[in-house]
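Remarks on the overall topology
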Amino acid sequence: MLFPAWNLLPSGWTWAGTAGPLDSQKSTNLTDRLDAVESTSWNGVGLLYPDILKIREGCGYEMFANMCRSKKLAHIEIELLTEWWKTDSDISRQESIMLDAAKKLGAAHIKVSPKISETRTTERPDRSFIDALERIAHLAEDASVKLALEPMAMSNVPDLESARQILDRISSPSLGLLLDTWHLGISGVSSNEIRRFIDISEIFAVELSGIARTPNMSLRKASASFRALPDRSDIQIEQFVSTLNQIGWTGPWAVEVMSPQSANEPLEDFLRECRSAAIRLLEFALAPYRMKN
């Protein structure tokens, strides 16, 4: 059976050369990292805020966009906008820089974080949270930029039902969702809930991430630093892939893998391993569906 040329990209932390968000990003040459992405045949990249600052203060957005085009990296995403509900000058500066970068780079979206806790929380979005999200959604709309809110298991938006309530309260074409298989699996979301709560037009991004069982660790640490390869998940994620494909998602599929071991592995080898794992997952998950069609 022939499968399509999958549209894949490494998310920001996957190609950052470090274990994850709880660690400082390594001071790796961005050009060398792009070369590693190109040599392992990806279709785009995810950029972290430190990457954006390096580009802004270095080669500039136009030159970086040209570099990506020359390497056939057509898809760019930016992460992670967080603490946007606070009235703080540093947060406002971060918002402004990320919106400007997304517009000038032609990024598909900016990933947006809910309020994160160490573990599961009963907190849910209140009026001030909704108002703040509506504010940045309108800023994004004015800039022709999309925001992809990521439901996270250890946050005040832990599942698709709470995400649905937010989308119903904020009417903006710039606001949609990022569905991460790690958070869906950890939260116990069923594939039927994707059909029940979310329309395909509201899905702006999908991340493939395997779930490694870490019983003696907080959810935040597990999420940030112990993500398995997509085809080596201790909790099944194939059904998410199959359901997303059936409702119309064809990619791009971002791959998010973070672990202490990966941080010490040569970047090119690690990226090749991640891409191969994602392809194995996609082909396995979608084979029955494709055989019927």
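In what follows, the accompanying structure is described.

1. Let's talk about the side chain of S209
One can find S209 in the loop between β7 (203-208) and β8 (210-211). Polar side-chain contacts of S209 include one of 3.0 Å to the side chain of R227. Setting aside residues no more than four positions away along its own chain, S209 makes contact with D180, T181, W182, R227, A228, I237 and E256.

2. Description of unusual backbone geometry
With an omega dihedral of -5°, the bond running from E79 to L80 counts as a cis peptide bond. Put simply, G251 and P252 share a cis peptide bond, and its omega is 5°. Position of P252 among the secondary structure elements: in the loop between α10 (238-246) and β10 (253-255). Phi is positive for S41, close to 70°, though the residue is something other than glycine. In this structure, S41 sits in the loop between α1 (30-39) and β2 (44-48). In this structure, K72 takes a positive phi of about 60° despite not being glycine. In this structure, K72 sits in the loop between α3 (61-70) and β3 (75-81). Here K72 falls in the exposed class, since its relative accessible area comes to 67%.

3. A closer look at the packing of aromatic side chains
If you walk through the whole model with that rule in mind, you get three aromatic pairs. On the basis of an interplanar angle of 80° and a centroid distance of 4.9 Å, the ring pair of W84 and W85 is categorised as edge-to-face. Taking the relative accessible area as the measure of exposure, W84 reaches 1% and is therefore buried. When the centroid spacing of 5.9 Å and the interplanar angle of 35° are considered together, the rings of W85 and F129 count as tilted. Taken together, the positions of W85 in the loop between β3 and α4 (89-105) and F129 in helix α5 (residues 127-142) put the pair 44 residues apart, joining distant regions of the chain. With a relative accessible area of 22%, W85 lands in the partly exposed category. When its relative accessible area of 2% is taken as the criterion, F129 is described as buried.

What counts, and where the lines are drawn
Residues numbered from 1 in each chain as written. Predicted model: local features only at pLDDT ≥ 70, side-chain atom pairs only at ≥ 80, totals over all residues. Heavy atoms only, no water. Helix = DSSP H or I, 4+ residues; strand = E, 2+ residues; numbered from the N terminus. Polar contact = N/O pair within 3.5 Å; in protein donor to acceptor, adjacent residues only side chain to side chain. Contact = heavy atoms within 4.5 Å. Buried < 20%, exposed > 50% of the residue type's maximum accessible area, 1.4 Å probe, protein only. Phe/Tyr/Trp six-rings, centres within 6.5 Å; stacked < 30°, edge-to-face > 60°.

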